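Structural overview
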Amino acid sequence: MAADAAGTVEIRGALARLRRTTGLPVAFGGLVEPGRQRMRISEFSGAAGLALRGLAVTSGNGLGGKAVALARPCAVTDYSLSRQISHEYDAAVAEEGLRSVVAIPVVVRRRVRGVLYGALRTAQPLGDRTLTAAVQAARDVEQALVVGDEARDLLTAARPGTTGTGPGPAAGPAAGPGAGTGAGAGAGWEQVREAHTALRALAPRIADPALRAELLEVCGLLTSRPPERSAGQPVALAPRELDVLAWVAAGATNAAAAERLGLRPETVKGYLRSAMRRLGARTRGEAVVAARRAGLLP
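Residues numbered from 1 in each chain as written. Predicted model: local features only at pLDDT ≥ 70, side-chain atom pairs only at ≥ 80, totals over all residues. Heavy atoms only, no water.

A look at the confidence of the model for the protein
In the predicted model, the protein carries a mean pLDDT of 82, and the fraction of residues at 70 or more is 77%. Confidence over residues 163–175 falls short of pLDDT 50; this stretch has 26 contacts with residues more than four positions distant or in other chains. (pLDDT = per-residue confidence, 0-100. Contact = heavy atoms within 4.5 Å.)

In structure tokens form, the structure reads like this:
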């Protein structure tokens, strides 16, 4: 599944960052298998052997299984001698030479999605700095998974022609806001605009290039109605200018747009001025109207 592949990439990156920031000799982890009460160790940074590779850790068993079952960080100073955990995986841990180990669950929407481990080959406390860094690495993965989940949900709802109550009206975006009759058509078009704004805001935060490209492709489909005829050259906006203008069209202030896009308000203001200049607009409202006429916004 694409979501699993993206989650694996996020865990791999988090493990590398954890080792860089803490100096831990070994870090490893993996995702919880969908529909099953176990996680599989698939990603490694610094591991010397193969004993842990592909190991399936059942919820409640060992250190990682305990972290899955409790949905909170767990640590031991000497794995093989600890009375705080069960010892189904002692042989694999001993073959890798691990002693002091921490396991941090990756929890998204109250569900454990994976586990990150950090370990020493000596029996000594890991220390607050290491534990804090491990927790932060897991939080980074959680945030990335949340963004990915939101993006996939929006893609499902926003694709033109999608059945159900999603924003893709049967007539398609090419029909424009005047298609259909009554309040229902207008409400449907507003859903398209909201989906477009949300997708553009998410795209820069997506680490998975394939998913990011798919998001931008759907943004293009949502603005696929032909632009109104103009005697001048077609208008083109930079990606960030379009991101800002999409939030302005949704009624956001510069400060609100900055918060949603992870930018400074002054930066948003600069992008908006540039977009207005390209569109020949004197006000924010004129810029939104011009962008819609040019087929840049739904």
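Next comes the rest of the write-up.
So, the packing of helix α7 (residues 239–249) against helix α9 (residues 265–279)
Closest axis-to-axis distance for the α7/α9 pair is 9 Å, and the angle between their directions is 95°. Between α7 and α9, the crossing angle belongs to the class labelled roughly perpendicular. Contacts between α7 and α9 involve Arg-240, Glu-241, Val-244, Leu-245 and Val-248 from the former and Val-268, Tyr-271, Leu-272, Ser-274, Ala-275, Arg-278 and Leu-279 from the latter. In terms of residue class, the contact of α7 with α9 is built from 8 nonpolar, 1 polar and 3 charged. (Axes fitted to C-alpha atoms, helices over the stretch in contact; angles between N-to-C directions. Helix = DSSP H or I, 4+ residues; strand = E, 2+ residues; numbered from the N terminus. Parallel < 35°, antiparallel > 145°, perpendicular 65-115°, else oblique. Nonpolar A, V, L, I, M, F, W, Y, C, P; charged D, E, K, R; others polar.)

Quick word on the nonpolar core
The biggest cluster of nonpolar side chains holds 25 residues, and the ones touching the most others in it are Phe-28, Met-39, Leu-63, Tyr-79, Leu-98, Val-101 and Tyr-117. Going through the elements one at a time, β1 (26–31), α2 (62–70), β5 (74–76), α3 (90–96), β6 (100–108) and β7 (111–120) are the ones with two or more residues in this core. When residues of this core are assigned to their parent elements, the largest contribution, 4 residues, is made by β7. Contact partners of Tyr-79, with chain neighbours within four places excluded, come to Gly-62, Leu-63, Ile-85, His-87, Tyr-89, Asp-90, Val-93, Leu-98, Arg-99 and Val-101. Counting 23 residues, the second-largest nonpolar core is a separate cluster that includes Leu-245, Leu-261, Ala-275 and Leu-297. (Core = buried A, V, L, I, M, F, W, Y, C linked by side-chain atoms within 4.5 Å. Buried < 20%, exposed > 50% of the residue type's maximum accessible area, 1.4 Å probe, protein only.)

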